[in-house]
Amino acid sequence: MQPSILEKIKKVVGSKHYYDSPEDRISYSFDGTPMLQQLPEAVVFPQNNEQISELLHLANKEKFAIIPRGAGTGLSGGSIPVENSIVVVMTKWNKLLEIDSANLTALVEPGIVTGVLQKEVEKLGLFYPPDPGSMNVCTIGGNVAENAGGLRGLKYGVTKNYVLGVEMILPTGEFLKIGGKSVKDVAGYNLKDIVIGSEGTLGIFTKILLKLIPLPTKSKTITANFKKIIDSGKSVADIISSQITPSMVEFLDNTTMNCVEDYTKIGLDRNSEAMLLIEVDGRGSSVDEDAETIVSILKKNNAVQIRIAENAAEALLLKTARRSAFSALARRKPTTILEDATVPRSELPVMIEKVREAASNFNVAIGNFGHAGDGNLHPTCLTDERDSAEITRAHKAFAFIFNEAIKLGGTITGEHGTGLAKKDFLESAVGKEGIEFMKKIKMVVDPNNVLNPGKILTLAPRCEGALPVKREQIPDYNAHH
Amino acid sequence: MISPKDKAVLLKFLPNDDILTQCMHCGMCLATCPTYELTKLERSSPRGRIKLIKYVAEGKLELSNLFAEEMNFCLDCQACETACPAGVQYGKMVESARVVIEHSNVGSSKINKVIKKFLLNSVVAKHSRLKLLARFLYFYQNFGIRTIAIKLLSIFPFAKKMIEIESLTPKISKVFSSEGLKEITFPENPSKYKIAFSTGCIMDIAFAEINFDTVDVLQKNQCEIITPKNQVCCGSLHAHNGEIEKAKELAKKNLDIFSEFEYDFLISNSAGCGAFMKEYIHLFVDDPQYSEKARGFSIRVKDISEFLANIEPNKQMSPLEEKVTYHDACHLCHSQKVMEEPRKVLQQIPGLNFIPLEESTWCCGSAGIYNVTRHDDAEKILERKMKNLQETGADVVVTGNPGCIGQLKHGIEKYGLKMEVLHTISLVKKSMDRNI
Ligand SMILES: Cc1cc2nc3c(=O)[nH]c(=O)nc-3n(C[C@H](O)[C@H](O)[C@H](O)COP(=O)(O)OP(=O)(O)OC[C@H]3O[C@@H](n4cnc5c(N)ncnc54)[C@H](O)[C@@H]3O)c2cc1C
Ligand code: SF4
Ligand code: SF4
């Protein structure tokens with residue numbers, strides 16, 4: 001980028017909020033996604049709406065790209081820079097602006113950390129349920145942009161179920177406010193649903209209005225181990241069809257369990273093939289009844305070692321252990337490529353088997369875990385980015401898994417978004433028409449393609465420039481595809 | 001500039017690519033990093049620093065002042081290691097990066113490096129000289145000279161910070177423990193454990209009474225205690241500050257000295273020293289002469305709280321009514337993973353009103369000599385600790401490291417709290433003494 005343009009950018013935010021040293025560019029060149037990386041030209045921390053708007057005006061005029069970024073825990077490359085771009089970091093916008101106990105809403109800035117918000121509302125007996133594994137680090141802005149899910153999705157839904165409104169700056173610099181405190185709202189198109197999950201391509205959020213619910217007063221956390229992996233899948237299907245809705249039903253296979261145990265040392269059974277972590281919550285005695293029903297379903301499906309957490313501290317320990325699963329898998333091999341295939345819940349046992357098949361067919365190590373109650377699995381390939389032959393096999397295994405998921409009526413990503421990492425598979429999930437519709441929206445909202453270009457979609461007229469490593473660049477990939 | 005050849009030699013100090021690649025940049029450590037919390041910049045975060053080190057190791061980033069700044073800004077508190085599910089060995093990386101910086105032309109000025117090196121290698125590493133300096137300090141602190149000096153200095157506005165840093169100098173003990181303790185102390189009851197005691201350099205000259213308390217409590221717990229007279233500094237300060245060769249030299253001396261005695265456990269009451277002595281085993285894995293010795297040594301090292309929590313303790317303790325809270329020293333909780341033991345030891349004191357401290361594992365800013373070398377940053381980190389401490393309403397805050405004791409005392413004075421700072425062992429001793 002020309003120095004004169006960088007000067008203009010610096011002028012907009014002020015030199016104290018502008019960074020372009022090699023050290024800063026390197027440390028903002030990646031997020032939580034494996035193997036994708038690109039240096040931005042600069043990193044800025046805007047101070048107010050006007051500055052964001054000015055930056056976008058400048059980007060349209062001087063033809064550079066803007067990459068919005070929260071905590072950078074994304075797993076599909078959403079906040080990774082592209083060629084000729086600057087990163088706009090929102091983490092300092094972290095205020096909790098208002099909790100309205102009469103309307104059960106919270107108004108927040110997008111950079112607030114999800115877990116911090118949860119702690120604050122829980123002090124008032126209120127509850128914000130979406131709890132991605134990364135909740136102690138990730139931001140609400142990033143959650144809304146990815147429509148993040150979490151462990152409690154089964155009963156409580158995902159981020160989009162809690163967004164009442166957003167304020168945002170559009171790619172062309174205008175300010176837009178969507179939604180409000182009314183629970184019902186059918187005025188015009190439902191714009192909210194288009195911007196939720198837009199992965200930073202349709203606007204930069206500056207405020208978010210969230211729905212809260214009363215905090216459940218009682219919960220029970222159960223773990224069960226299985227000698228045969230298939231029995232865990234059957235248990236999940238039986239629990240779902242028993243008309244109980246647990247708040248979470250999480251699945252861990254043997255590989256994942258062992259890595260988690262290496263990290264947490266909380267005494268998970270290293271020898272069984274699979275484990276379920278189940279939680280039921282609510283108010284009053286129905287919680288105990290549900291727990292009993294679940295235990296009997298587990299027993300019927302040959303569960304061994306059924307354990308009910310004695311107290312809240314023990315339950316938290318178990319859930320925290322589960323949340324560390326993805327990162328803990330990196331203990332085996334340095335590169336963990338995690339996928340996000342999701343199938344209708346009744347197909348879960350089949351999908352679990354298909355993942356095992358992929359691992360053996362393509363000779364790669366795969367640890368499998370996920371939000372079993374939602375049919376959302378995270379088969380994670382344990383590999384080493386320095387071993388290109390193995391990386392190729394890993395990609396083949398994933399292509400196989402995606403195809404199987406789609407055949408079972410599922411989708412390629414349940415919660416991590418498309419970003420750069422899953423772009424190639426988007427068409428198989430949403431169809432040609434789906435992609436065309438999305439492109440049309442993007443082209444109208446962002447005619448110069450300045451905001452997070454190259455994510456989700458590949459667009460004309462302005463091409464994105466060189467993107468961080470594409471799958472096609474990986475040797476042998478095309479041959480298979 | 002350093003020559004390419006020198007640079008290549010220097011970069012060999014960095015960990016190999018397998019260790020550097022272990023970080024999968026998931027960011028799960030960000031929320032626990034005090035320096036990232038302060039700046040909100042990725043370069044001050046664990047994964048940011050790791051990436052920078054990797055770039056330097058691969059020759060893709062020049063050694064720069066900013067790189068040095070970030071490596072030195074890090075507290076080396078290792079909270080990120082506790083938080084990292086992937087088992088990334090962050091401490092190893094940053095300490096080796098500091099070796100590279102200390103031997104290169106980036107970072108603090110040459111003269112600063114020379115002074116630091118002199119202090120570490122020629123004063124701290126030579127206990128007789130450290131004691132001599134401490135004697136002067138004692139004289140300075142106790143015969144009115146300090147009061148006059150501070151009064152004189154405070155005329156000058158520029159000296160404000162100097163005075164504040166000066167106030168961090170620990171109060172020198174009248175009798176050093178290395179002089180007050182016998183080489184062998186016999187237990188009151190029949191001997192059950194043979195203990196070797198590491199006095200630590202700072203503990204010895206500035207917190208001698210904690211060492212006396214330690215030996216006293218051990219003595220009442222059926223221990224025969226050997227305190228080798230000629231033991232030297234454990235080397236941890238050197239290792240954390242880029243002087244790894246000196247650290248090894250000191251470690252070898254200690255290995256030789258302690259190997260002359262027979263003992264079941266080697267007890268330390270300084271978290272930093274204990275952590276580093278447990279590391280000797282890794283420090284010398286490839287050293288044919290010392291690997292066996294180091295293994296025998298490191299596996300016996302126990303923090304005093306670890307030891308007491310795992311024996312049947314002397315129950316001759318009387319109730320203490322104080323409200324007590326506990327601050328986890330980084331080198332105890334993050335480096336040694338000792339968290340439950342000190343709490344268990346405290347719970348053994350009858351009647352104790354224990355109040356948990358929010359964010360008890362968050363660094364207090366002491367971090368070895370960080371509160372002197374990076375005073376302003378340390379003060380910002382201290383602020384958060386003080387806020388949490390104030391909220392407990394405790395009368396006593398207990399911790400297990402001399403650096404933390406000094407820093408907490410400084411903070412309590414600065415923020416005008418009414419709170420006593422004690423080492424875990426001193427509270428135990430207090431309860432035992434009341435029994436008499
Ligand atoms: C260990 C681990 C566990 C995880 N577990 C889960 C899980 O259980 N469920 C789940 O859904 N995800 C999970 N994730 C993925 C990730 O945490 C989520 O996608 C999260 O929502 C990202 O938030 P972030 O603040 O880190 O955003 P970033 O990664 O910084 O950004 C994500 C996207 O949001 C955009 N964005 C960020 N802020 C704004 C803003 N203010 N305005 C507009 N766009 C913005 C960015 O451009 C980018 O496209 C996990 C990640 C990790 C590392
Ligand atoms: S150090 Fe560990 S927790 Fe932090 S980013 Fe790296 S792998 Fe994740
Ligand atoms: S050692 Fe402490 S200060 Fe340094 S990166 Fe880790 S958490 Fe941050």
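Reading the values: the criteria
- Residues numbered from 1 in each chain as written.
- Chains lettered and ligands numbered in written order.
- Predicted model: local features only at pLDDT ≥ 70, side-chain atom pairs only at ≥ 80, totals over all residues.
- Heavy atoms only, no water.
- Helix = DSSP H or I, 4+ residues; strand = E, 2+ residues; numbered from the N terminus.
- Buried < 20%, exposed > 50% of the residue type's maximum accessible area, 1.4 Å probe, protein only.
- Contact = heavy atoms within 4.5 Å.
- Near = heavy atom within 4 Å.
- Nonpolar A, V, L, I, M, F, W, Y, C, P; charged D, E, K, R; others polar.
- Buried area = accessible area lost by both parts, 1.4 Å probe.
- Salt bridge = Lys/Arg side-chain N within 4 Å of Asp/Glu carboxyl O.
- Polar contact = N/O pair within 3.5 Å; in protein donor to acceptor, adjacent residues only side chain to side chain.
- Disulfide = S-S within 2.5 Å.

1. Examining the side chain of Ser198(B)
Residues and elements named next belong to chain B. Along the chain, the position of serine 198 falls in strand S2 (residues 193–198). For serine 198, a relative accessible area of 6% puts it in the buried group. Setting aside chain neighbours within four positions, we find serine 198 in contact with Gln231, Leu266, Ile267, Ser268 and Met277.

2. Brief notes about the site of ligand 3
Residues and elements named next belong to chain B. What surrounds ligand 3 is a group of 13 residues, the closest being Cys33, Arg49, Cys74, Cys77 and Cys80. Of all the secondary-structure elements, those providing two or more residues to the shell around ligand 3 are helix H3 (34–39), helix H4 (46–57) and helix H6 (79–83). A per-class count over the shell around ligand 3 returns nine nonpolar, two polar and two charged.

3. With respect to the site of ligand 2
Residues in contact with ligand 2, as listed here, are Cys23(B), Met24(B), His25(B), Cys26(B), Gly27(B), Met28(B), Cys29(B), Arg47(B), Ile50(B), Cys84(B), Ala86(B) and Val88(B). Of the residues belonging to the shell around ligand 2, the class tally is nine nonpolar, two polar and one charged.

4. Overview of the interface of chain A and chain B
Taken together, the 39 residues of chain A in the interface contact 32 residues of chain B. In this assembly, chain A packs against chain B so that about 2800 Å² is buried in total across both faces, 61% of it on carbon and sulfur atoms. Here chain A is connected to chain B by four salt bridges. Arg386(A) is the salt-bridge partner of Asp18(B), the closest N and O atoms lying 2.8 Å from each other. Linking chain A to chain B there are 16 residue pairs in polar contact (both at pLDDT 80 or more). Listed by contribution, the elements that provide at least two residues to the side of chain A that touches chain B are helix H2 (22–27) and helix H12 (325–328) of chain A. Across the side of chain A that touches chain B, the residue classes tally to 15 nonpolar, 15 polar and nine charged.

5. Details of the state of the cysteines
This model, assessed by the stated rule, comprises zero disulfides over all chains. Of all cysteine sulfurs, the one in Cys259(A) lies closest to Cys381(A), which takes part in no disulfide; the gap is 13 Å. For Cys201(B), which is in no disulfide, the shortest distance to another cysteine sulfur is to Cys233(B) and amounts to 3.6 Å. Cys201(B) sits in the buried class, given a relative accessible area of 10%.

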